[in-house]
Amino acid sequence: MTLSEMKENQVATITEIENESGLSRRLFDMGFIAGQKITCINIGAFGSPIAYNLRGCNIALRKKDADKVWVIL
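**Observations concerning the sheet that holds strand β5 (residues 69-72)**
The five strands are arranged β4-β3-β2-β1-β5 in an open sheet whose pairing can be described as antiparallel. Here the strands that pair on one side only, and so sit at the sheet edges, are β4 (57-61) and β5. Taking the axes of each pair of neighbouring strands and ignoring which way they run, one obtains an average angle of 45° across the sheet. Bridge count for strand β3 (residues 50-54) against β4 is five bridges, and the pairing is antiparallel. Note on β4: the bridge partner recorded for Tyr-52 is Ile-59.

**A closer look at the environment of Ala-12**
For Ala-12, the location among the structural elements is in strand β1 (residues 11-17). The exposure class assigned to Ala-12 is buried, which follows from its relative accessible area of 1%. Remark: the alpha-carbon pair of Ala-12 and Cys-57, spanning 45 residues in sequence, is separated by 15 Å. Not counting residues up to four positions away in its chain, the partners in contact with Ala-12 are Met-6, Gln-36, Lys-37, Ile-38, Val-71, Ile-72 and Leu-73.

**Details of the nonpolar core**
Ranked by internal contacts, the top residues of the largest apolar core, which has 17 residues, are Leu-3, Phe-32, Ile-38, Tyr-52 and Val-71. Secondary-structure elements contributing two or more residues to this core are β1, α1 (23-29), β2 (37-43), β3, β4 and β5. The element that contributes the greatest number of residues to this core is β3, accounting for three residues. Once residues within four sequence positions are removed from consideration, Val-71 is found in contact with Met-1, Thr-2, Leu-3, Met-6, Ala-12, Thr-13, Ile-14, Thr-15 and Ile-38.

**Focus on the pattern of salt bridges**
Across all of its chains, the model carries four salt bridges by this definition. Among the ionic pairs, Asp-29 bridges to Arg-25, the shortest N-O distance being 3.4 Å. With Asp-29 and Arg-25 both in helix α1 and four residues apart, this pair spans about one turn of that helix. Salt-bridge contacts for Asp-65 lead to Arg-62; the nearest nitrogen and oxygen are separated by 2.9 Å. A relative accessible area of 44% means that Arg-62 is categorised as partly exposed. Here the salt bridges share partners, and the residues they tie into one network are Arg-26, Arg-62 and Asp-65.

Definitions and limits used
Residues numbered from 1 in each chain as written. Predicted model: local features only at pLDDT ≥ 70, side-chain atom pairs only at ≥ 80, totals over all residues. Heavy atoms only, no water. Pairing = 2+ DSSP bridges. Helix = DSSP H or I, 4+ residues; strand = E, 2+ residues; numbered from the N terminus. Axes fitted to C-alpha atoms, helices over the stretch in contact; angles between N-to-C directions. Buried < 20%, exposed > 50% of the residue type's maximum accessible area, 1.4 Å probe, protein only. Contact = heavy atoms within 4.5 Å. Core = buried A, V, L, I, M, F, W, Y, C linked by side-chain atoms within 4.5 Å. Salt bridge = Lys/Arg side-chain N within 4 Å of Asp/Glu carboxyl O.

Next comes the structure, spelled out in structure tokens:
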């Protein structure tokens with residue numbers, strides 16, 4: 001499943017980030033690393049942006065960017 005498919009308060013483990021020009025590097029720099037735990041904390045009114053907690057930091061991603069990160073529950 002992808003990050004955008006998570007429901008609020010679900011905890012998952014990052015497994016893969018699709019390699020897209022610049023996006024994967026930017027996410028890696030923010031701490032999106034395979035094996036890292038991530039929690040969905042809030043979903044925007046229209047489904048985007050979506051807020052996540054990763055390593056104690058809250059990060060909001062657009063749905064189209066969250067679709068590029070694969071996780072397992």
